[in-house]
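A closer look at the structure
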Amino acid sequence: MSAAPEATGLTLVGLSKCFAGAVTAAVADLSLTLPTGTLTALLGPSGCGKSTTLNLVAGLLDPDAGDVRFDGRSALDVPPERRPVAMVAQKALLFPHLTVADNVGFGLRMRRVPRTERSRRVSEMLALVGLEGFGGRRVHQLSGGQEQRVALARALVTEPRVLLLDEPFSALDTELRAQMRLLVRDLQRRLAVTTLFVTHDLAEAVELADTVALMLGGRLEQHGPTRAFYERPATAGAARFFGATNLVPGTLCGTEFDTAVGTVTVGQDGPDGPGLLVLRPEVLRLTEGAGRHIVTGAVLRADYRGTHTVVTVSVPALARSARGDVDAGIVLQVTAPAGASVPVGSPVGVFIPPRAVSVVPPDPPGL
């Protein structure tokens, strides 16, 4: 294929959109920067504003406030067809009356690219997505995965400087999704096109992205490398979305976090005050007896998951609260080996590695 065009950085500044009749904004004050040539996963549950954000970038919706900038230049007055983007939707949306080659080359035809050049670029792109020799087929002769490959080829053949992918594999089965993820990642790296990939699938985001932008309730919760979400989540919402089932309330003072079940040393310093201790199940370890960095309790249940066992441990409070009643303590989930022997009701210790835990601010009122 010809040399890839120069990619474009994408910046969203205070982007907001509220639909008529809605109580809350679909997108609220969203600021996000995608460095040139990177792949960012826009991650979040259904209804959090991901697709709305993509439509704002593509120019299919106008924002109520904020700006969309390509290489620092505002695109608010640029119509969708003149923006340097291509978009692949959840459904392939191919033209059923056209061949695969004509579907892929449709955008080039609209740009009045000469037929010979168009044919060459279409053939190269079909080979790139693994559909060499499929140019003469009709849409009804394709599988779901092949249709999405054609849609991807149609988007990339126009040499966009920003690629927008709106959950393009959601209708595919597990094996095809995995294959398409590998294809997208390979193409994105090969073509170095700046890419914003919308997904609600955590595993998909972690596998594909250079960075993740997590949206919750129309707002950007956290943006950064995937490792940061696991090791140092910024909020309780980010910690929960990335599988931190153990969030223990308490108070931070320096590197000591006081809870109802004892004081835990954490791998960070301040700010002091109330917070939630983030204890990921996979960093905790079952042990016998007591000791430093160990809390003790009893096994409530043990759920075998094939590759591992999830052990739920009830840890009682160490003392009565200031009101004089007995605090209920906490419940921890611990990831143990698949063959772990942990009878329900048996006493057990839970080792908490000091540098494998972090503290996030408490949930806002009302949550």
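The structure reproduced in this document is the subject of the present report.

Quick notes on the rules
- Residues numbered from 1 in each chain as written.
- Predicted model: local features only at pLDDT ≥ 70, side-chain atom pairs only at ≥ 80, totals over all residues.
- Heavy atoms only, no water.
- Helix = DSSP H or I, 4+ residues; strand = E, 2+ residues; numbered from the N terminus.
- Expected span 1.5 Å × (residues − 1).
- Buried < 20%, exposed > 50% of the residue type's maximum accessible area, 1.4 Å probe, protein only.
- Arc of directions from axis to C-beta.
- Contact = heavy atoms within 4.5 Å.
- Pairing = 2+ DSSP bridges.
- Phe/Tyr/Trp six-rings, centres within 6.5 Å; stacked < 30°, edge-to-face > 60°.
- Lys NZ or Arg CZ within 6 Å of the ring centre and 35° of its normal.
- Core = buried A, V, L, I, M, F, W, Y, C linked by side-chain atoms within 4.5 Å.

Moving on, we come to helix 4 (residues 115–128). Structural remark: α-helix, 3.6 residues per turn; residues separated by three or four positions point the same way. Between its first and last C-alpha, helix 4 extends 20 Å over 14 residues, near the 20 Å set by a 1.5 Å rise per residue. All buried positions along helix 4 are accounted for by Arg121, Val122, Met125, Leu126 and Leu128. On an axial view of helix 4, the arc spanned by its buried residues comes to 150 degrees, and they lie on one face. In this structure, the buried side of helix 4 is in contact with helix 2 (100–104), helix 3 (106–110), helix 5 (144–156) and helix 6 (174–191). Of the residues trailing helix 4, Gly130 is marked for its positive phi of about 80 degrees.

With antiparallel pairing, four strands are arranged side by side in an open sheet as 2-1-4-5. Both outer strands of the open sheet, strand 2 (27–34) and strand 5 (73–74), are each paired with one neighbouring strand and no more. The sheet contact formed by strand 1 (residues 10–17) and strand 2 spans five bridges and is antiparallel. When the bridges of strand 2 are listed, Lys17 appears paired with Val27.

For helix 5, which comprises 13 residues, the first-to-last C-alpha distance of 19 Å matches the rise-based estimate of 18 Å (1.5 Å per residue) to within 8%. The buried count for helix 5 comes to 11 of 13 residues, which makes it a mostly enclosed element. Considered for burial, the residues of helix 5 that qualify are Gly145, Gln146, Gln148, Arg149, Val150, Ala151, Leu152, Ala153, Arg154, Ala155 and Leu156. Buried residues along helix 5 sit against strand 6 (85–88), helix 2, helix 4, strand 7 (162–166) and helix 6.

Right, let's get into the packing of aromatic side chains. In this structure the tally under the stated criterion is five aromatic pairs. Ring centres 4.7 Å apart and planes at 50 degrees place the aromatic pair Phe95 and Phe106 in the tilted group. Here the residue Phe95 occupies a position in the loop between strand 6 and helix 2, and Phe106 occupies one in helix 3, the gap between them amounting to 11 residues. Relative to Phe197, the ring of Phe169 has its centre 5.9 Å away and its plane inclined at 50 degrees; by these criteria the two rings are tilted. You can see Phe169 sitting in the loop between strand 7 and helix 6 and its partner Phe197 sitting in strand 8 (residues 194–199), a full 28 residues away along the chain. The burial state of Phe169 is the same as that of Phe197; both residues are buried. A cation over a ring is seen here: Arg137 above Phe134, with NZ or CZ 4.0 Å from the ring centre.

Take the nonpolar core next. Within the largest apolar cluster, 46 residues are counted, with the highest numbers of intra-cluster contacts made by Val104, Leu152, Leu156, Leu163 and Val212. With six residues, the single largest contributor to this core is helix 5. Among the nonpolar cores identified, the runner-up in size contains 24 residues, and Leu252, Leu284, Val350 and Val359 belong to it.

Right, let's get into unusual backbone geometry. The bulk of non-glycine residues show a negative phi, and the bulk of peptide bonds are trans. The phi dihedral of Leu93 falls on the positive side, at around 55 degrees, and the residue is not glycine. Residue position: Leu93 is located in the loop between strand 6 and helix 2.

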